[in-house]
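Coordinate analysis (summary)
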Amino acid sequence: MLLICADIIGRSVFNAPVQGVAEIVANSIVAIVFLQAAHALMSGRMTRTDILAGWLEDERPFAASAMRVLFHLAGVAVFALIAQGTWPKLVDAWVEGEFFGAQGVFTAPVWPIKACLFLGAMLTALAFAVQALNDVKDMVNSGRVSPLRIRHSVVLKPKGWPFLIAFLALLVIGYGIFWADLGRVEIGIVAIGFMLLLIFSGAHIAVVLILLSFLGIWLIRDNPKVAMRSLALAADGAINRYLFGVVPLFVLMGLIVDAADIGRDAYRVAAWLLQRIRGGLGIATVAANAVFASITGISIASAAVFSRVAVPQMVANGYNNRFALGVVAGSSVLGMLIPPSLLLIIYGVLAEQSVGALFLAAIVPGGILAFVFGFGIYLMAVLRPRSVMQSDRPIAIEGETWGTAVQKLLPIAALVVIVLGGIYSGFFTPTEAGAAGAAAAILVALVKGSLTWRKFWQVLVDTGLVSVSILMLIIAASMYSRMLTLSTIPQETTQFFAGMGLGLMGFMMIYLVLVIIMGMILDSTSIMLILLPLCLPIVTELGGDLIWFGIVTVIAVEIGLLTPPFGLTVYVVKATIADRNTTLGDIFAGTFPFVVMMTIVTLLLTFMPALSLVFE
C-alpha cells in the first residue's frame, strides 16, 4: 500500500514514478500467500464446505475424524509436491543470480521470493501433518471409541464404520477408474466428478483442485514430470501479477472501513432520511449496504456490519425480527456486484477481461438490484404489513441533523470518489485504487479515533488470512484450467452445446440453474473457478459478450449465498447476531423474498444484455 501510494504521488506530483513497483508487488504476492498459508490453515480459513462434514461431526464423529485425516494427508502431499517442484527453481535462481526488473533501472534477486515459496510450502505441509495428527487424537478420544484396550490396541465401536468403509470403497473404485486405460476426455470427467465429491465431503477446495488436476495431467500426458512442471508453474506464476495486489488491498480497505464504523454512520443517516416511509428502515439498510458496497466490495463484510448495526435498530422500532435478518442478509449481496467487487476482479482474471470494464458494466445492474430491493421492501410493507412490522410502535431516529448527516457522509463520499472516481477517470488502475482507498480509509479511521494499534494489527492479520484463502484458490484454478485444456473437455462441451441448437439464451438457462444449484453447497469463488473454464469458450462460441456474462454470473452466484443448505451469508448473520434464539431457518425464510427479487433481476439482465453494456 505504501509503496504504490508513493509511486502515485511521485508520478502525479513530481513526475518521478518509483521504479520497480509493479515487479515488487507482483513478486511479493507470492510470498504473501505462501508464508501465511500455514497460518490460514491452522486458523480454519482455508476454504472448504462443511455440509457433509458438519453432519458427520454431529452424527458420526469417528468417521468425520477419519475423513479429516485423509483430507489433511492430501494437503501434506500437495504442498510437499509444490515444495519439490519449487526447489530446483530456487537452486537455479541462487546459482545463476537471476533477477527481476530492468537492468539500469531497477533489479532485485529472484531467489528470496523462491525461498519464500519453498519455505511456505514446507511449513504448510507441516501444518497439514499437525492437523492430521490432531485428527488421529480426535479419533482415539471420540465418544464413538471404547476406552477398552486389548493388547495395546483400541477396540472401536461400530457406529461410524459403515459410512467410513463406504466412503473408502468409493475412493478405491474411483482410484481404479482414474488409473484405467481412459481417453483424455474420460480422465477429465472422472477428475471433475471426484473434485465435486471430495469438495462436498469437506476437503479443502484448493487441495482437491490441485491434487486431482495434478493426477489428471499426469495421466493425460502419461508423464509425471509434465504434471510437476505444471504444478510448479501454477504455484509460482499464477498469482505473480501486479493485478493481484487488488485482493489484499481491497480486503484491507473493507476491514478498515468496518473498524472505522463507516457502515454504522451510513446506516444511521439513511435511516434518519427514510424513517417516515413504509418499510423505511429496511430501505435504509439496502441504501447503506449499497454505499458500503461501493467502498469495500465484500458481501461478508456487509453482512457482519449490518447484522450488528441494522438488526437491533429495526427490531427496537417494531420491525419483525425475521424480516430484519432477511433484509440484512439479502441486501449484503450488493457488495459483490456494486464496484469495486472482489468477485468481478476474480472473474476478470479468469476470463481475461478488463477489471475496469467490468466495474463500469456493473454500475447499472447494481443500481437496478438495489432499486428492486428497496421497491420490494416498500411493496411488502404496504401489501403484507404484518410480515414487516410486529407492532405499530412509532419510528423515530433522533439526534441527527443535516449538519451531522453531512459530517458522517463526507468520509464515505471521499472514499467513493477516490476509489471509483480514480478508476473511472483513468487516473488509477484497480490496484492503485485499492492502495489509495486503503490509505484513505486508515486516515479516516485515525481521524475518527476508532483505530487502535491492537485493532490495526488484527485487521492486518485478517487481511492476510482472507487474501490467502482467495489467492490460493486462484492458484488451484490455474492448475485446474491446465488440466481441462489438456483433456479437451471445454472444446468438446462447446461443440456439444453448439450442436444442440439451443442458442445463447438456451445455454444461459441451463447455466443459471447449474450455478444456483451449486451455490447451495459451494462458496461463490469456488463455483466460478470450477465452471468458468468450462463455460467461457461456450459463451464465446455462441456469440455472447464476456463482460455481460460476468455480470450475470456474479448475480447468479450471489443467489447461492442466500439459499440453503450452504448460504454463507446466512451463516455469517447467524454468527454475528446477539439473539441466539434465532434459527438458521428464520434467516433463510427472511431472505426468500430477496432470492426471488435477485432471480427476477438475473433473468432481466440475461435477456437484456444492453443493461450491462451501457458504458461500453
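Residues numbered from 1 in each chain as written. Predicted model: local features only at pLDDT ≥ 70, side-chain atom pairs only at ≥ 80, totals over all residues. Heavy atoms only, no water.

Okay, the overall build of the protein chain next. Of the regular secondary structure elements, the protein chain holds 26 helices and 4 strands. By residue count, 55% of the 616 residues in the protein chain fall in the buried class. Sequence separation of at least 24 residues holds for 79% of the intrachain contacts in the protein chain that already meet a minimum separation of 6. By element, 67% of the accessible surface of the protein chain is carried by carbon and sulfur atoms, the whole surface being about 25400 Å². (Helix = DSSP H or I, 4+ residues; strand = E, 2+ residues; numbered from the N terminus. Buried < 20%, exposed > 50% of the residue type's maximum accessible area, 1.4 Å probe, protein only. Contact = heavy atoms within 4.5 Å. Areas by Shrake-Rupley, 256 points an atom, 1.4 Å probe, with all protein chains shown as cover.)

Let us now look at the environment of Ser12. Among the structural elements, Ser12 can be located in helix H1 (residues 2-12). A sequence separation of 415 residues divides Ser12 from Phe427, and the C-alpha atoms of the two residues are 9.3 Å apart. Side-chain polar atoms of Ser12 contact the backbone oxygen of Ile8, separated by 2.6 Å. (Polar contact = N/O pair within 3.5 Å; in protein donor to acceptor, adjacent residues only side chain to side chain.)

What follows deals with the packing of helix H10 (residues 246-259) against helix H20 (residues 453-487). Taken N-terminus to C-terminus, the directions of H10 and H20 make an angle of 140°; their axes are 9 Å apart at the nearest point. It follows that H10 is oblique to H20 by the angle criterion. Crossing of H10 over H20 shows right-handed handedness. Where H10 abuts H20, its residues Val247, Pro248, Val251, Leu252, Leu255, Ile256 and Ala259 lie against Lys455, Phe456, Val459, Leu460, Asp462, Thr463, Val466, Ser467, Ile470 and Leu471. Tallied by class, residues from the contact of H10 with H20 come to 13 nonpolar, 2 polar and 2 charged. (Axes fitted to C-alpha atoms, helices over the stretch in contact; angles between N-to-C directions. Parallel < 35°, antiparallel > 145°, perpendicular 65-115°, else oblique. Left-handed = near helix turned anticlockwise from the far one by under 90°. Nonpolar A, V, L, I, M, F, W, Y, C, P; charged D, E, K, R; others polar.)

Looking now at the pattern of salt bridges. Enumeration according to the criterion identifies 5 salt bridges in this entry. With a closest N to O distance of 2.9 Å, Asp265 and Lys448 form a salt bridge. Remark: Lys448 occurs in helix H19 (residues 430-448) and Asp265 occurs in helix H11 (residues 262-274); sequence separation between them is 183 residues. (Salt bridge = Lys/Arg side-chain N within 4 Å of Asp/Glu carboxyl O.)

Let us look at the side chain of Thr285. Structurally, Thr285 can be placed in helix H12 (residues 280-296). A distance of 2.9 Å separates the side chain of Thr285 from the backbone oxygen of Leu281, its partner in a polar contact.

Glancing now at the packing of helix H7 (residues 184-201) against H20. Running from N to C, H7 and H20 cross one another at 145°; their axes reach a closest spacing of 8 Å. Note on element contacts: H20 touches H7 through Tyr480, Met483, Leu484, Leu486 and Ser487, opposite Arg184, Val185, Gly188, Ala191, Ile192 and Met195.

What follows covers the packing of aromatic side chains. In the structure shown here, the tally under the stated rule is 13 aromatic pairs. Judged by centre distance (5.0 Å) and plane angle (80°), the ring pair of Trp94 and Trp111 falls under edge-to-face. A residue pair is termed long-range when its members are at least 10 positions apart, and Trp94 in helix H4 (residues 61-96) and Trp111 in helix H5 (residues 111-141) qualify at 17 residues. For Trp111, a relative accessible area of 33% puts it in the partly exposed group. (Phe/Tyr/Trp six-rings, centres within 6.5 Å; stacked < 30°, edge-to-face > 60°.)

A few words now on the nonpolar core. In terms of nonpolar packing, the biggest core is built from 201 residues, with Phe34, Phe79, Tyr267, Tyr511 and Phe549 touching the most fellow members. If near-sequence neighbours (up to four positions away) are discounted, Phe549 is found in contact with Tyr347, Met508, Tyr511, Leu532, Cys535, Leu536 and Val539. Judged by nonpolar contacts, the second largest core, of 5 residues, contains Phe100, Phe106, Ala108 and Val110. (Core = buried A, V, L, I, M, F, W, Y, C linked by side-chain atoms within 4.5 Å.)

Looking now at the pairing of strand S2 (residues 106-109). Alternating residues of S2 divide into Phe106 and Ala108, all buried, and Thr107 and Pro109, none buried. Relative to S2, strand S1 (residues 99-102) is paired through 4 bridges, and the arrangement is antiparallel. Along S2, the bridge assignment pairs Phe99 with Pro109. (Pairing = 2+ DSSP bridges.)

The next point concerns H7. Structurally, the α-helix is built with 3.6 residues per turn, so residues lying three or four positions apart point the same way. A rise of 1.5 Å per residue sets the reference length of H7, with its 18 residues, at 26 Å; its end C-alpha atoms lie 26 Å apart and thus fit the reference within 8%. All of the buried residues in H7 are Ile187, Gly188, Val190, Ala191, Ile192, Phe194, Met195, Leu198, Ile199 and Ser201. Of the residues one or two after H7, Gly202 is the one with positive phi, at around 110°. (Expected span 1.5 Å × (residues − 1).)

With 87% of its residues at a pLDDT of 70 or more, the protein chain shows a mean pLDDT of 82. Within the model, the stretch residues 143-158 combines pLDDT values under 50 with 25 contacts to residues more than four positions away or in other chains. (pLDDT = per-residue confidence, 0-100.)

Another aspect to go through is the environment of Asn289. Locating Asn289 in the fold gives a position in helix H12. When neighbours within four sequence positions are excluded, Asn289 is seen to be in contact with Ser302, Phe306, Val328, Ser331, Ser332 and Leu334. In terms of polar contacts, Asn289 uses its side chain to reach the side chain of Ser331, at 2.7 Å.

For the rest of this paragraph, the subject is helix H16 (residues 355-383). A rise of 1.5 Å per residue sets the reference length of H16, with its 29 residues, at 42 Å; its end C-alpha atoms lie 41 Å apart and thus fit the reference within 8%. The largest bend in H16 is about 35°, located at Ile363, with the proline Pro365 one to four residues further on. Between the side-chain oxygen of the N-cap and the backbone nitrogen of Gly356 there are 3.3 Å, and the N-cap of H16 in question is Ser354. (Bend = angle between axes of the 7 residues up to and from the residue.)

Of note in this structure, Asn15 is not a glycine but carries a positive phi near 50°. By relative accessible area, Asn15 is classed as exposed at 67%. Positive phi, normally seen in glycine, also occurs at Asp222, with a value near 55°.

Turning next to the side chain of Ser487. When you line up the elements, Ser487 lands in helix H20. A relative accessible area of 0% means that Ser487 is categorised as buried. Of note is the side chain of Ser487, whose polar atom sits 2.7 Å from the backbone oxygen of Leu484. Residue contacts for Ser487: discarding those within four places in its chain leaves Arg184, Val185, Gly188 and Ile220.

This part is about a positive patch on the surface. A cluster of like positive charges, contributed by Arg184, Arg221, Lys225 and Arg229, occupies part of the molecular surface. In this fold, Lys225 is placed in helix H9 (residues 224-237). (Patch = residues over 30% accessible without salt bridge, like charges linked within 9 Å, V, L, I, M, F, W, Y side chains within 5 Å. Lys, Arg positive; Asp, Glu negative; His and termini not counted. Charge placed at Lys NZ, Arg CZ, Asp CG, Glu CD.)

What follows is about the environment of Gly20. Topologically, Gly20 is positioned in the loop between H1 and helix H2 (21-42). For the pair Gly20 and Ala102, spaced 82 residues apart in the sequence, the C-alpha separation amounts to 8.2 Å.

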